[in-house]
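The chain contents come next:
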Amino acid sequence: MNFDLSEDQRMMRESFARFLDEQSSSERIRAAAEQGGFDTQLWQGLAELGAFSLRVPEEAGGLGLGTMDAAVLMEEVGRTLASGPIAETLVALRVLALLAGEAQAELLEAASMGSKVISIALRDVAREPRQWVAGGAVADAVIARSGDDVVLVSLADAGERAEESLASTPIAELDLAAAPATVLANGADALKVFAQAVEEWKLLMAIALSGLSREAIRLASEYACEREAFGQPIGAYQGISHPLADLITDVDGGKYLAWKAIHDCARVPANAGAEISAAFWWNAETAGRAVTQALHTFGGYGLATEYDVHLYNLRAKQWPLIAGDPATFLEEAGRRLYAGEAAALPDVGAIEIDFDLGDDARAMAKELDDLFNAILTPELRAKAHYSFDGFDRGVHKQLAEAKLLFPAWPKEFGGREAEPYALNALRQVWEDQGWTSHPVGTTDLVGTMIRKVGNDDLKEEVLSRIMSGDAICSLGYSEPGCGSDVFAAKTKATQLEDGRWRIDGAKMWTSGANIAQYVLMLTRTNPDVPKHKGLTMFVVPLDTPGIEIQPVYTFQDERTNATFYDGVIIDDKYRLGPVDGGVKVMAAALEMEHGGGFTKSQIAMSVAAEELCREIQRGGKALIENPDAQKRLARSRTHAWISEVLANRSLWVGVNKLPNLAFGPMTKMFSSEKFQSDSRDLLELTAPESLSKRAGAAGEINLAYRHAHGTTIYGGTSEVHRSMIAERALGLPRTRG
């Protein structure tokens, strides 16, 4: 797996960034807007840097680089709002080179050197002769499709075409059928080259919008750190910081969704066409929300033309809307996923980014899958449930014997020292098999804490039972009056004269306590210091006298528990970490729990919804043939793809020990929020069938709707994660006490 640019791409990014910081400053953007939205000096400077030759094949005199290289440029174009039809020219010159490189060599060279401007019309001129064209006000020619031909439309005699527009860029409405045109090529092969160019334009525009959105949010975050209200920076208010945290997550997701589409064009083409459409829709929609919130952060000053944020607001709309309503591209993604509509995937060239988990991960995943298939009888599968209620001691024991319970652990502790990529592949197997991983997840967390900071007695008694599969653990963090504020715990641990401890108090949401052997418990050992300093962790045997476990049933068909501790006496060996040092132990535990989010639940829900839409008949047709159903299913799929790339980014950063700007919280927050909203929408889409709890796809959608409501709460609420994202990713002030 690789989320990094190549060394050459990093150098290219730095070069373009330096140039655009100087040549596309806000002053230059404003000056260009007063002159029709085109900056001739900027344009020629980009040409001198080779920008317009990036996608021209070497045999036609270009650089012959790939779409990812062009994406590097376009992200900087978006960040700096560079004037002119840059994405359009990049793809237009590729078409010109591929179809008429020799016949149009002079024009190709002139356009590559910046002395001519060539743009592209996105729709068939034979059907829509009058079209709005990016750069149409300054272009010397436009490449277009006209029926079975790909033509070069000359605008040499078109006269004055400029007019005022939303963002003062050089767009123009052109009658392309009325202008003289030269046929570059015709037939299926030529039309494919043109169609590939349009698909590549969507990708490049998606990346540009991602860069634009990120910069708008950066400006807003910077302002929110400076502007004060009621005695503190406005960024300290969650009403300001949390929307920005949501948006930077959406922006990151959109960028990497476009990267995924580029990657899949080359290596995993099955859904790449739909991913292209989805990436354009998502980034256009996200950009609109990002610039609106950024401007809102500035308050009334955001409306003033002296502030740059309004420039981002206007171009976030004008750039993508040249192609029409972005929502139509979500519909296009739906047709490509569910109606068999083909897409002409661009030849993206060399790809160094990599989302593959690797052969070792696949091999270990197959081993686990084979084991599940061997041991999960029909009777066991019938009792399967995503929660602790699906736990089976026999299965758990066999997984331990195969060293597949805690595969990341060192071999001396019953593990395989598996790499994180393999663990990710194994998690997918658990999801595909429909077998609960909750007891394994909590027990893994407790066991890891014992391995790291536990004493020898704790390792000998508890860890040995965990390793053998004879013990599982539950978590005792939350209390009836604390919720997400776990450091406000009131459950008291008092050390007795003989060195033992007495525990008194109550814990809430101790899922699995009714079947577990131990509970990892956070207690207050010093009430006279700040709340986060007087805490100590214990691993408490649940068969100790004085413990009462009461069931709490949820509407998710799940049992959790309230547990009460009245004079519970335990030995000091059950203490985990130093006295009053529970925060450090707890922080490590929470970081593990923030993990990979609910991507796999999202994917499973989407698959079930697609299956149900094929079963349901509406008006004599399968529901999946309905365009609205296709669009809504595609939206759910898009959200799952974004969750997946965010999770993979977090995974890759962790493996490579790179700076982590709340990438785990981003994954958890985004995936759980979209799991919840999509489950609601898909329940409605497939109603009334989805109201049933019967076995099959309908029951899966029904359960997904109920299950999703808990995911934004446990493992840290979305509000907690938004605060973490705001602070770490955006540098905003701390918003929690």
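Residues numbered from 1 in each chain as written. Predicted model: local features only at pLDDT ≥ 70, side-chain atom pairs only at ≥ 80, totals over all residues. Heavy atoms only, no water.

A.B. asks: So what exactly am I meant to see when it comes to the pairing of strand β5 (residues 172-175) here?
C.D. replies: A one-sided burial pattern is seen for β5, the buried positions being Ala172 and Leu174 and the unburied ones Glu173 and Asp175. In this sheet, β5 lies alongside strand β2 (residues 130-133) in antiparallel orientation, the contact comprising four bridges. Pairing of valine 133 across the sheet is with alanine 172, part of β5. (Buried < 20%, exposed > 50% of the residue type's maximum accessible area, 1.4 Å probe, protein only. Helix = DSSP H or I, 4+ residues; strand = E, 2+ residues; numbered from the N terminus. Pairing = 2+ DSSP bridges.)

A.B. asks: Explain the packing of helix α9 (residues 272-297) against helix α11 (residues 327-338) here, please?
C.D. replies: Each pair of packed helices can be described by the angle between their axes along with the distance between the axes. Two elements in contact, α9 and α11, have axes whose closest approach is 8 Å; the angle formed by their N-to-C orientations is 165 degrees. Considering their axes alone, α9 and α11 lie roughly antiparallel with respect to each other. In this structure, the crossing between α9 and α11 has a hand that is left-handed. For the pair formed by α9 and α11, the contact residues are Gly273, Ala274, Ser277, Ala278, Phe280 and Trp281 on the first element and Ala327, Phe329, Leu330, Glu332, Ala333, Arg336 and Leu337 on the second. (Axes fitted to C-alpha atoms, helices over the stretch in contact; angles between N-to-C directions. Parallel < 35°, antiparallel > 145°, perpendicular 65-115°, else oblique. Left-handed = near helix turned anticlockwise from the far one by under 90°. Contact = heavy atoms within 4.5 Å.)

A.B. asks: Whenever I open this one, the packing of aromatic side chains confuses me. Can you help?
C.D. replies: Remark: the centre distance and the inter-plane angle together describe each pair of aromatic rings, the angle taken between the planes. The full count for this structure, using the stated rule, is 17 aromatic pairs. A ring pair is formed by phenylalanine 3 and phenylalanine 355, whose centres lie 4.9 Å apart and whose planes are at 45 degrees; its orientation type is tilted. With phenylalanine 3 in the segment before α1 (7-23) and phenylalanine 355 in the loop between α11 and α12 (359-375), the pair connects residues that are 352 residues apart, well separated along the chain. The class of phenylalanine 355 is buried, set by a relative accessible area of 12%. Grouped by ring-pair contacts, the aromatic residues Phe3, Tyr256, Trp259, Phe355 and Trp652 constitute a single cluster. Positioned above the aromatic ring of tryptophan 282 is the side chain of arginine 289, whose terminal nitrogen or guanidinium carbon lies 5.8 Å from the ring centre. (Phe/Tyr/Trp six-rings, centres within 6.5 Å; stacked < 30°, edge-to-face > 60°. Lys NZ or Arg CZ within 6 Å of the ring centre and 35° of its normal.)

A.B. asks: Help me understand the environment of arginine 145, please; the structure alone is not making it clear to me.
C.D. replies: Checked against the element boundaries, arginine 145 lands in strand β3 (residues 141-146). Once residues within four sequence positions are removed from consideration, arginine 145 is found in contact with Arg123, Asp124, Val125, Ala126, Leu191 and Phe194.

A.B. asks: Can you help me understand the nonpolar core in this one?
C.D. replies: General note: in soluble globular proteins, nonpolar side chains tend to be found buried as a group. Grouped together as the largest cluster of nonpolar side chains are 171 residues, with contacts concentrated most on Leu46, Ile86 and Ile143. With 21 residues, the top contributor of residues to this core is helix α7 (residues 188-226). Not counting the four nearest positions on each side in its chain, isoleucine 86 is found in contact with Trp43, Leu46, Phe52, Leu73, Met74 and Val77. (Core = buried A, V, L, I, M, F, W, Y, C linked by side-chain atoms within 4.5 Å.)

A.B. asks: Got a minute to help me understand the packing of helix α8 (residues 238-267) against helix α23 (residues 718-730) in this structure?
C.D. replies: The interhelical angle for the contact between α8 and α23, taken along N-to-C directions, is 80 degrees, at an axis separation of 8 Å. If you check the angle between α8 and α23, you find them roughly perpendicular. On α23, the residues touching Gln238, Ser241, His242, Leu244, Ala245, Asp246, Ile248 and Thr249 of α8 are Glu719, Arg722, Ser723, Ile725, Ala726 and Leu730. Here the contact of α8 with α23 is composed, by residue class, of six nonpolar, five polar and three charged. (Nonpolar A, V, L, I, M, F, W, Y, C, P; charged D, E, K, R; others polar.)

A.B. asks: Looking at this model, I keep getting lost on the sheet that holds strand β4 (residues 149-154). Mind explaining?
C.D. replies: Sheet strands pair by backbone hydrogen bonding; their relative direction is either parallel or antiparallel. The strand order across the open sheet formed by four strands is β1-β3-β4-β6, and the pairing between neighbours is mixed. In this open sheet, the two edge strands, each paired with only one partner strand, are β1 (118-120) and β6 (181-186). Averaged over all pairs of adjacent strands, the angle between strand axes in this sheet comes to 25 degrees, irrespective of strand direction. Here β1 pairs with β3 via three bridges, running parallel. Along β3, the bridge assignment pairs isoleucine 120 with isoleucine 143.

A.B. asks: Would you take a moment to explain a negative patch on the surface for this structure?
C.D. replies: Among the surface-exposed residues, Asp456, Asp457, Glu460 and Asp571 lie close enough to one another that they form a single negatively charged patch. Within the element layout of this structure, aspartate 571 appears in the loop between β15 (558-570) and β16 (575-576). (Patch = residues over 30% accessible without salt bridge, like charges linked within 9 Å, V, L, I, M, F, W, Y side chains within 5 Å. Areas by Shrake-Rupley, 256 points an atom, 1.4 Å probe, with all protein chains shown as cover. Salt bridge = Lys/Arg side-chain N within 4 Å of Asp/Glu carboxyl O. Lys, Arg positive; Asp, Glu negative; His and termini not counted. Charge placed at Lys NZ, Arg CZ, Asp CG, Glu CD.)

A.B. asks: Help me out: how do you make sense of the pattern of salt bridges in this one?
C.D. replies: Should their charged atoms come close, side chains of opposite charge can pair. Across all of its chains, the model carries 49 salt bridges by this definition. In this structure, aspartate 246 engages arginine 722 in a salt bridge whose closest nitrogen and oxygen atoms are separated by 2.8 Å. Linking aspartate 246 in helix α8 with arginine 722 in helix α23, this pair joins segments that are 476 residues apart in sequence. In this structure, lysine 693 engages aspartate 557 in a salt bridge whose closest nitrogen and oxygen atoms are separated by 3.5 Å. Of the two residues, lysine 693 sits in the loop between α21 (663-685) and α22 (697-711) while aspartate 557 sits in the loop between β14 (547-554) and β15, which places them 136 residues apart along the sequence.

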